[in-house]
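# Per-entry structural report
Below, each chain spelled out in residue letters.
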Amino acid sequence: MARFNKVSAELLDELKQVLGEKGVTVDPEKLQTYQTDEEGNPYWFRTPEVVVFPKTTEEVAAVIKLANKYLVPITPRAAGSGVACGAIPVYHGIVMELDKMDKILKIDEDNLYAVVQTGVRTSVIQQECKQRGLLYAGDPCSADSCQIGGNVATNAGGNKAVKYGTTRNQIYGMKIVTPTGDIVDVGARLQKCSTGYCLEQLICGSEGTLGVVTEITLKLRPLPPYKFDLVAIFNEDAKAFALPNKILKAGIEPTSIEYMDNKALKMCSNFCKVTLPHVEENCCYVIITVESFDEDELDKKMEKISDLCDDMGAVDVIQADDRIWGCRRQFAEAARDIDIMFVAEDFVVPLDKIAEITAEVPGLEEKHGIYTVTSAHIGDGNIHVLPLNKDGLSPEDWMKKMAGFHEDLFEKVYALGGKMSGEHGIGYKKLVDFKRCTPPGEYKMIRAIKKALDPNDILNPAKIVDLEDSI
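Residues numbered from 1 in each chain as written. Predicted model: local features only at pLDDT ≥ 70, side-chain atom pairs only at ≥ 80, totals over all residues. Heavy atoms only, no water.

## As for the overall build of the protein
Within the protein, the secondary structure is distributed over 17 helices and 17 strands. By the compact-globule yardstick of 23 Å for 471 residues, the protein fits well, its C-alpha radius of gyration being 22 Å. Within the protein, contacts between residues at least 6 apart in sequence are counted, and of these 74% link residues at least 24 apart. Surface summary for the protein: the accessible area is close to 20200 Å², and the carbon and sulfur share equals 49%. (Helix = DSSP H or I, 4+ residues; strand = E, 2+ residues; numbered from the N terminus. Rg over C-alpha atoms; globule rule 2.2 N^0.38 Å. Contact = heavy atoms within 4.5 Å. Areas by Shrake-Rupley, 256 points an atom, 1.4 Å probe, with all protein chains shown as cover.)

## Some details on a negative patch on the surface
A contiguous patch of negative charge, built from Asp 294, Glu 295, Asp 296, Asp 299, Glu 303, Asp 307, Asp 310 and Asp 311, is present on the exposed surface. Locating Glu 295 in the fold gives a position in helix H10 (residues 295–311). Given a relative accessible area of 45%, Glu 295 falls into the partly exposed group. (Patch = residues over 30% accessible without salt bridge, like charges linked within 9 Å, V, L, I, M, F, W, Y side chains within 5 Å. Salt bridge = Lys/Arg side-chain N within 4 Å of Asp/Glu carboxyl O. Lys, Arg positive; Asp, Glu negative; His and termini not counted. Charge placed at Lys NZ, Arg CZ, Asp CG, Glu CD. Buried < 20%, exposed > 50% of the residue type's maximum accessible area, 1.4 Å probe, protein only.)

## Quick look at the nonpolar core
In terms of nonpolar packing, the biggest core is built from 83 residues, with Leu 15, Ile 94 and Val 286 touching the most fellow members. Counting contributing residues per domain, this core is built from domain 1 (9–100) and domain 3 (226–416), each supplying no fewer than three. Val 83, Val 231, Cys 268 and Ile 318 belong to the second largest nonpolar core, which has 26 residues in total. (Core = buried A, V, L, I, M, F, W, Y, C linked by side-chain atoms within 4.5 Å. Domains from an automatic or database assignment.)

## Digging into the domain arrangement of the protein
Domain annotation for the protein reports domain 1 (9–100), domain 2 (112–222) and domain 3 (226–416). Listed as interface residues are seven residues of domain 1 and, on the opposing side, nine residues of domain 3. Between domain 1 and domain 3, roughly 660 Å² of surface is buried when both sides are summed, and carbon and sulfur atoms account for 61% of that area. Here domain 1 is connected to domain 3 by one salt bridge. Across the contact surface, domain 1 and domain 3 share one residue pair in polar contact (both at pLDDT 80 or more). (Buried area = accessible area lost by both parts, 1.4 Å probe. Polar contact = N/O pair within 3.5 Å; in protein donor to acceptor, adjacent residues only side chain to side chain.)

## Concerning the packing of aromatic side chains
The geometry of an aromatic ring pair is captured by the separation of the ring centres together with the interplanar angle, meaning the angle of the planes. In this structure the tally under the stated criterion is six aromatic pairs. For the pair Trp 44 and Tyr 428, a centre-to-centre distance of 5.4 Å together with 80° between the ring planes defines the contact as edge-to-face. Linking Trp 44 in the loop between helix H2 (28–32) and strand E2 (50–52) with Tyr 428 in the loop between helix H15 (395–415) and helix H16 (431–437), this pair joins segments that are 384 residues apart in sequence. These aromatic residues form a ring-pair network of at least three members: Tyr 43, Trp 44 and Tyr 428. If you follow Lys 390 out to its NZ or CZ, it ends over the ring of Tyr 371, 4.2 Å from the centre. (Phe/Tyr/Trp six-rings, centres within 6.5 Å; stacked < 30°, edge-to-face > 60°. Lys NZ or Arg CZ within 6 Å of the ring centre and 35° of its normal.)

## Description of the sheet that holds strand E10 (residues 212–219)
Strand order in this open sheet of five strands is E5-E6-E10-E8-E9, and the pairing throughout is antiparallel. Of all the strands in the sheet, just strand E5 (104–108) and strand E9 (183–187) have a single pairing partner and so form its edges. On average, each strand axis in the sheet is inclined to that of its neighbour by 15°, with strand direction left out of account. Relative to strand E6 (residues 113–117), E5 runs antiparallel, the two being bridged by four bridges. In the sheet register, Ile 104 faces E6, and the bridge partner there is Val 116. On the sheet, helix H4 (residues 122–130) packs against E5, E6 and E10 and is oriented at approximately 35° with respect to E5. (Pairing = 2+ DSSP bridges. Axes fitted to C-alpha atoms, helices over the stretch in contact; angles between N-to-C directions.)

## Things to note about the pattern of salt bridges
Under the defined criterion, the tally for this structure stands at 27 salt bridges. With a shortest N-O distance of 2.9 Å, Glu 468 and Arg 3 are connected by a salt bridge. Here the residue Glu 468 occupies a position in the segment after helix H17 (440–453), and Arg 3 occupies one in the segment before helix H1 (9–19), the gap between them amounting to 465 residues. Arg 323 is the salt-bridge partner of Asp 321, the closest N and O atoms lying 2.9 Å from each other. Three or more residues joined by partner-sharing salt bridges are found here, namely Arg 3, Lys 450, Asp 454, Asp 457, Asp 466 and Glu 468.

## Notes on the side chain of Thr 167
Within the fold, Thr 167 resides in the loop between helix H6 (161–164) and strand E8 (171–177). Given a relative accessible area of 2%, Thr 167 falls into the buried group. Apart from residues no more than four positions distant in its own chain, Thr 167 is found in contact with Tyr 136, Asn 151, Val 152, Asn 155, Ala 156 and Cys 204.

## Quick look at a nonpolar patch on the surface
A surface patch of nonpolar side chains, amounting to about 490 Å² of accessible area, comprises Tyr 197, Leu 199, Leu 202, Ile 449 and Leu 453. Checked against the element boundaries, Leu 453 lands in helix H17. Looking at Leu 453, the relative accessible area reads 36%, which means it is partly exposed.

## As for the UniProt feature "domain: FAD-binding PCMH-type" (unreviewed entry) in the protein
Under the UniProt annotation, "domain: FAD-binding PCMH-type" (unreviewed entry) lies at residues 43–223. For residues 43–223, the helix share is 22%, the strand share is 25%, and the end-to-end C-alpha distance is 44 Å. (UniProt positions renumbered as here; feature names shortened; annotations may be inferred.)

## Section: the packing of helix H9 (residues 262–272) against helix H12 (residues 331–338)
The geometry of H9 relative to H12 is characterised by a closest axis approach of 9 Å and an angle of 80° between their N-to-C directions. It follows that H9 is roughly perpendicular to H12 by the angle criterion. Residues Ala 264, Met 267, Cys 268 and Phe 271 of H9 pack against Phe 331, Glu 333, Ala 334, Ala 335, Asp 337 and Ile 338 of H12. For the contact of H9 with H12, the class distribution of residues is eight nonpolar, no polar and two charged. (Parallel < 35°, antiparallel > 145°, perpendicular 65-115°, else oblique. Nonpolar A, V, L, I, M, F, W, Y, C, P; charged D, E, K, R; others polar.)

Here it is in structure tokens:
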């Protein structure tokens, strides 16, 4: 685009002065590895002109100042495990790879907090806390591969969001580099605060468009010593979708309530090479986890939930073993094994609207000639419907089909009081849909915030909003 410049020899020289020769690459083969994140459709791919590898907050700031000086865009990147094209360099330019900032700086066991750099893998944080009898409650399904900075950027959710909330609820504060290169600490290790704008909450979920996160202060909790995992098996989806509100109304606070439709169960069991009970009877699963600090209380809750499931018409209630959780966690990988261009929807609706929106999916499948599989965090209304390109359409034809599907799907989602993303974010992939579905006043505010903080549109342009577009 005309508003951005190409990476020049002068800029490369200055980048190397800041980062050293090994901190900068223009190797064509290496650049190709940064043309996408987890997106498999080459329709979206864009290749950067240079990739940089800062090791400190000060180096991040220096790179951002150079990008403003030369008017070259920067795409911040964590592990590249996103599915909304959030780490794709739409306007080429610089990709800033943050995985060398990978240290846990502090775990305070007495005061229940940790300070970590942006490139630490989420599973490493979980494991280090668990060894100390503590819990970091952020738990996206991609925890083994994703990094905490990416979790912050997208406000990642995951399996435990029912009880503990999303990434936003796990944060005290963070160190960021603004789009103009200033180093700023936002938030604080406080239980409450009404001192000005809540900037840490604004940055969380902003997808690298308002600042680059380099350090995060995370909330920790004591690790509950007791838990159970049950699977309620239903032969009707409507019965399964009615269960979350019944559990909550009974005064039970589950850690997670996960759903898999029959097509998803068959797909995942084939991928994981395991046999699952009742799958051949066209049943669906609801996986329920409850944690407790009291074993007797846990037994009572388990019995109560089992009785609720029976009352709701469950075909069977069994223990959720590693086979079942393994299938749930491999949902996206199983879909990718069938179709590398699968589309990962993650719309969210009120709990009482889950049955209504999912009942619309078969009609949309028929209208648009697509095949989908579904899993969901039904404890918080976050639905993952995955269209699969089983007919082998070209990337362009597949995207045309998806555009029509999204127009119909999101119209129904928003009519029910929902939103198009519960945890994956908007990125580049949903840019057009987001503009179409967002009320004009709200969209104008979002653009105004981006323009005010990033006047040159340097940080992750064309994600969430594109300042090049007219309102």
